[in-house]
Amino acid sequence: MVLFTAEEKAAVTSLWGKVNVEEAGGEVLGRLLVVYPWTQRFFDSFGNLSSPSAIMGNPKVKAHGKKVLTSFGDAIKNMDNLKGAFAKLSELHCDKLHVDPENFRLLGNVMVIVLASHFGRDFTPDVQAAWQKLVAGVANALAHKYH
Amino acid sequence: MLSAQERAHIAQVWDLIAGHEAPFGAELLLRFPGVWAVLACKGHPPHSPPAPVGLRMLEAVGVAVRHVDNLRAALSPLADLHAHVLRVDPTNFPLLIQCFQVVLASHLQDEFTVEMQAAWDKFLTGIAVVLTEKYR
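Here is what the cut-offs are and how they apply
- Residues numbered from 1 in each chain as written.
- Chains lettered and ligands numbered in written order.
- Predicted model: local features only at pLDDT ≥ 70, side-chain atom pairs only at ≥ 80, totals over all residues.
- Heavy atoms only, no water.
- Helix = DSSP H or I, 4+ residues; strand = E, 2+ residues; numbered from the N terminus.
- Buried < 20%, exposed > 50% of the residue type's maximum accessible area, 1.4 Å probe, protein only.
- Areas by Shrake-Rupley, 256 points an atom, 1.4 Å probe, with all protein chains shown as cover.
- Core = buried A, V, L, I, M, F, W, Y, C linked by side-chain atoms within 4.5 Å.
- Contact = heavy atoms within 4.5 Å.
- Salt bridge = Lys/Arg side-chain N within 4 Å of Asp/Glu carboxyl O.
- pLDDT = per-residue confidence, 0-100.
- Buried area = accessible area lost by both parts, 1.4 Å probe.
- Polar contact = N/O pair within 3.5 Å; in protein donor to acceptor, adjacent residues only side chain to side chain.
- Nonpolar A, V, L, I, M, F, W, Y, C, P; charged D, E, K, R; others polar.
- Axes fitted to C-alpha atoms, helices over the stretch in contact; angles between N-to-C directions.
- Parallel < 35°, antiparallel > 145°, perpendicular 65-115°, else oblique.
- Left-handed = near helix turned anticlockwise from the far one by under 90°.
- 1 Å grid on protein atoms, 1.4 Å probe; cavity = no way out; pocket = protein on both sides within 12 Å on 5 of 7 lines; lining within 4 Å.
- Points joined across faces, edges and corners; volume = space filled by probe spheres on them.

Counting secondary structure elements, chain B contains eight helices and zero strands. Overall, chain B shows an N-to-C arrangement of helices and strands of α-α-α-α-α-α-α-α. Looking at chain B as a whole, 46% of its 136 residues qualify as buried. Carbon together with sulfur atoms contributes 60% to the accessible area of chain B, which is approximately 7000 Å² in total.

Among the nonpolar cores identified, the biggest contains 84 residues, and Phe123, Trp131 and Leu134 of chain A together with Phe100, Leu104, Trp120 and Phe123 of chain B are the most heavily contacted of them. Discounting residues that sit within four places of it in the chain, leucine 104 of chain B has contacts with Val13, Ile17, Phe24, Gln109, Phe112 and Trp120 of chain B.

Residue and element names in this part refer to chain A. In this structure the tally under the stated criterion is eleven salt bridges over all chains. Note that glutamate 102 is salt-bridged to arginine 105, the shortest N-O span being 3.8 Å. Residue glutamate 102 and its partner arginine 105 are both found in helix H7 (residues 102-119); the two are separated by three residues, about one turn of the helix. Judged by relative accessible area, which is 40%, glutamate 102 ranks as partly exposed.

This paragraph deals with the confidence of the model for chain B. Residues and elements named next belong to chain B. Mean pLDDT over chain B: 90, with 88% of residues reaching 70 or higher. Across chain B, the element-wise mean pLDDT spans from 61 in helix H3 (residues 35-40) up to 97 in helix H8 (residues 114-132). In the predicted assembly, ipTM is 0.93 and pTM is 0.93.

On the chain B side, the residues contacting the 21 residues of chain A number 18 residues. Interface of chain A and chain B: buried area, both sides summed, is about 1600 Å²; carbon and sulfur atoms make up 56% of it. Our count for the contact surface shared by chain A and chain B stands at zero salt bridges. Inspection of the chain A/chain B interface yields eleven residue pairs in polar contact (both at pLDDT 80 or more). Looking at the side of chain A that touches chain B, the element that brings in the most residues is H7 of chain A, giving eight residues. The class makeup of the residues in the side of chain A that touches chain B is twelve nonpolar, seven polar and two charged.

In this section: the packing of helix H2 (residues 21-35) of chain A against H7 of chain A. Residues and elements named next belong to chain A. Packing of H2 against H7 leaves a shortest axis separation of 9 Å and a crossing angle of 125°. Classed by the angle they form, the pair H2 and H7 counts as oblique. The handedness of the crossing between H2 and H7 comes out as right-handed. Across the interface between the two elements, Ala24, Glu27, Val28, Leu29, Arg31 and Leu32 of H2 pack against Leu106, Leu107, Val110, Met111, Val114 and His118 of H7.

Here the largest pocket is characterised by a volume of approximately 1100 Å³. In this structure, the largest pocket is lined by 46 residues; those nearest its centre are Tyr36 and Asn109 of chain A together with Pro94, Leu95 and Gln98 of chain B. Among the elements that take part in the lining of the largest pocket, helix H8 (residues 125-143) of chain A stands out by supplying ten residues, more than any other. Looking at the lining of the largest pocket, its residues break down into 25 nonpolar, twelve polar and nine charged.

Pasting the structure below:
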């Protein structure tokens, strides 16, 4: 089980309070689809994904990105029990969506880069380390129920 | 293969880094948690990587930028070094690439566009492939 120190939790929650979940969600998912184009395979029904600007402006990408990041918000409230918090979503991603867990790691890394670009100097090495630990924990939790 | 657009993004960002390789390299190593394991093999005391290491990494990226059409030849001596002397575990490269982009993103902020991220992720991954190609 992943254990977060008080400092790590503080680093995560203080930044999260300043994140616009709706905007950041679209940006994170959009960047995933642009930087790692093979991830588009899960979003055939999303319409126009033909160029970076099409992807970043796509309303379905933005909506789904918001959903994904809202889930992250739930993770942050349950940092001591990520596996429990994500049990249902893990089953969904395995049994229904058939998403390769590697995608969770890619998304987590993109999210860290987006946070770095938003927060600049404030995204210190310690803050980055806390967030890398969180996104890795979330990725593992989402992969936990795979069989 | 990098497109013309991707090369332009690489060059554009490199223009901002050039001249600042030492501080960039220092920050890169501060962010990279695996650095102690990497440097321990070389007999360096942990918690004090020699400043030249980060600088040398950035200088190597500069070489790659100038020879983006022929990474294999340009980085061949470094590939030999990594395969036969350093033998840094290949799994370190993805995290180093992530930390490199975090440094870029935190300094460039809005200017680190999605197209730049795509180009740099692809470019740095290409460098890592060349550097680990001779491992076996």
